[in-house]
Amino acid sequence: MKKHQKGIHHITVMAGNPRQNVDFYVKTLGLRMVKKSVNQDDPGTYHLFYGNASATPGSSLTFFPWPRAVKGDPGSGEAVAVSFSTPENSLEFWENRFDELSVPHGDPFERFGLTVLPFEDPDGLSLELVFEDNNLNPAEESSWQGTVSKENAIRGFWGTTLKLTQEKPTAEILESILGFSKTDSNEQGSLYTTDAPIGSKVLIETVKPESGSNGRGIIHHVAFRAKDEEELDEMRRKVQNMGLSPTQIIDRHWFKSVYYQTPGGVLFEMASDGPGYAVDEDPEHLGEKLILPPWLESRRDLIEKRLPEIEA
């Protein structure tokens, strides 16, 4: 039996204007809208999901867009950047694309032997393209084609960066529960890795306490993969045994979830791989219409009247 790969499942971020969000992630970055739904805790607002062509775990960046949200300011005790895995020879393509589309970006730099291109989304979220020789493309079975050709397209997550005042308590969770191992460290931080082709990296930067403020451009939580609900329950018990306070298992319709605050301050989620985003849509037509979980379907008319029109 094939071993279940651990790593990042999805990352969820606060955003501002939903139309601007869609334009940037679908049209500029070439990601696929894999689910257009609503915030289950605030159904009058969107929850937008982007991913690679096959919507595989490890590729899903999701957003809660609130048009009136103020700009946030990240501090310590937070996930502060989202890094995408991109083909090794695509740096020139992406630099030219960003310049042509007026996407603010920094100069490429080297980190752990790989070239990194930093940039920001319209809400100020820190993003990175990490260029690596990775022939394992988990999206290759899909016929969907976005605005970026497959030889240059984002494959999914490379990872995320956590800014913490202490490394050890969060490292214990990564290593003993979430399937990561420490593989490198230098002045840029400590690198934790799994064997998954995407979503396999967490970089911890140890910093002095820094105050931040919530708002658009701030990462809400980082979710990590569980094989199924049975393993999720087992992982939840391990979190409890560490003296933390995980939620009960919550049905998010496309996956089951458990949330808890880490000792370092970051909100972690653990999410099952299944049933997946195709449980309620044709895999070749993901994200084309508003999908509501069954328990909100009776409120569809009211919800649709409150949501602005967006087109992926």
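Here, residues in each chain are numbered from 1, in the same order as that chain's written sequence. Where totals are concerned, whole chains, interfaces and linings use all residues; where local detail is concerned, this predicted model gives features only for residues with pLDDT of at least 70, and gives and counts side-chain atom pairs only at 80 or more. Here the side-chain values reflect all heavy atoms present in the structure, with hydrogen atoms and water set aside.

> Any details on the overall build of the protein? Residues and values, ideally.
Helix and strand labels come from DSSP, where a helix needs a run of H or I of at least four residues and a strand needs a run of E of at least two; each type is numbered from the N terminus. The number of helices and strands found in the protein is 5 helices and 16 strands. Put simply, the radius of gyration uses C-alpha atoms, and a globule should come to 2.2 Å times the residue count raised to 0.38. Taken over the C-alpha trace, the protein has a radius of gyration of 18 Å; the compact-globule value for 312 residues is 20 Å, and the two agree within 12%. Summarising its shape, the C-alpha atoms of the protein cover approximately 50 × 50 × 45 Å along the three principal directions. At a minimum sequence separation of 6, the contacts of the protein that also span at least 24 residues come to 67%. Areas reported as accessible are Shrake-Rupley estimates using a 1.4 Å probe. Residue values count occlusion only from the protein chains shown. Of the roughly 13,800 Å² that the protein leaves accessible, carbon and sulfur atoms contribute 46%. Each charge class in the protein was averaged separately, 32 positive and 48 negative side chains, and the resulting centres sit 5 Å apart. Note on definitions: a residue-residue contact is assigned when non-hydrogen atoms from the two residues lie within 4.5 Å. Under this rule, positive means Lys or Arg and negative means Asp or Glu; His and the chain ends count for nothing. To locate a charge, take atom NZ for lysine, CZ for arginine, CG for aspartate or CD for glutamate.

> Describe in detail the environment of glutamine 240, supporting the description with residues and values.
Along the chain, glutamine 240 turns up in helix α4 (residues 229-241). For the pair formed by glutamine 240 and tyrosine 260, sequence separation is 20 residues and the distance between their alpha carbons is 9.6 Å.

> Tell me about the UniProt feature "domain: VOC" (unreviewed entry) in the protein, and please be specific about residues and values.
Taken from the UniProt record, the annotation "domain: VOC" (unreviewed entry) applies to residues 7-132 and 156-273. Spanning residues 7-132, this segment combines 17% helix with 47% strand, and its end C-alpha atoms are found 17 Å apart. Helix makes up 19% of residues 156-273 and strand 42%, and the two end C-alpha atoms of the span are 15 Å apart. UniProt positions are given in the numbering used here, feature names are shortened, and annotations may be inferred rather than shown by experiment.

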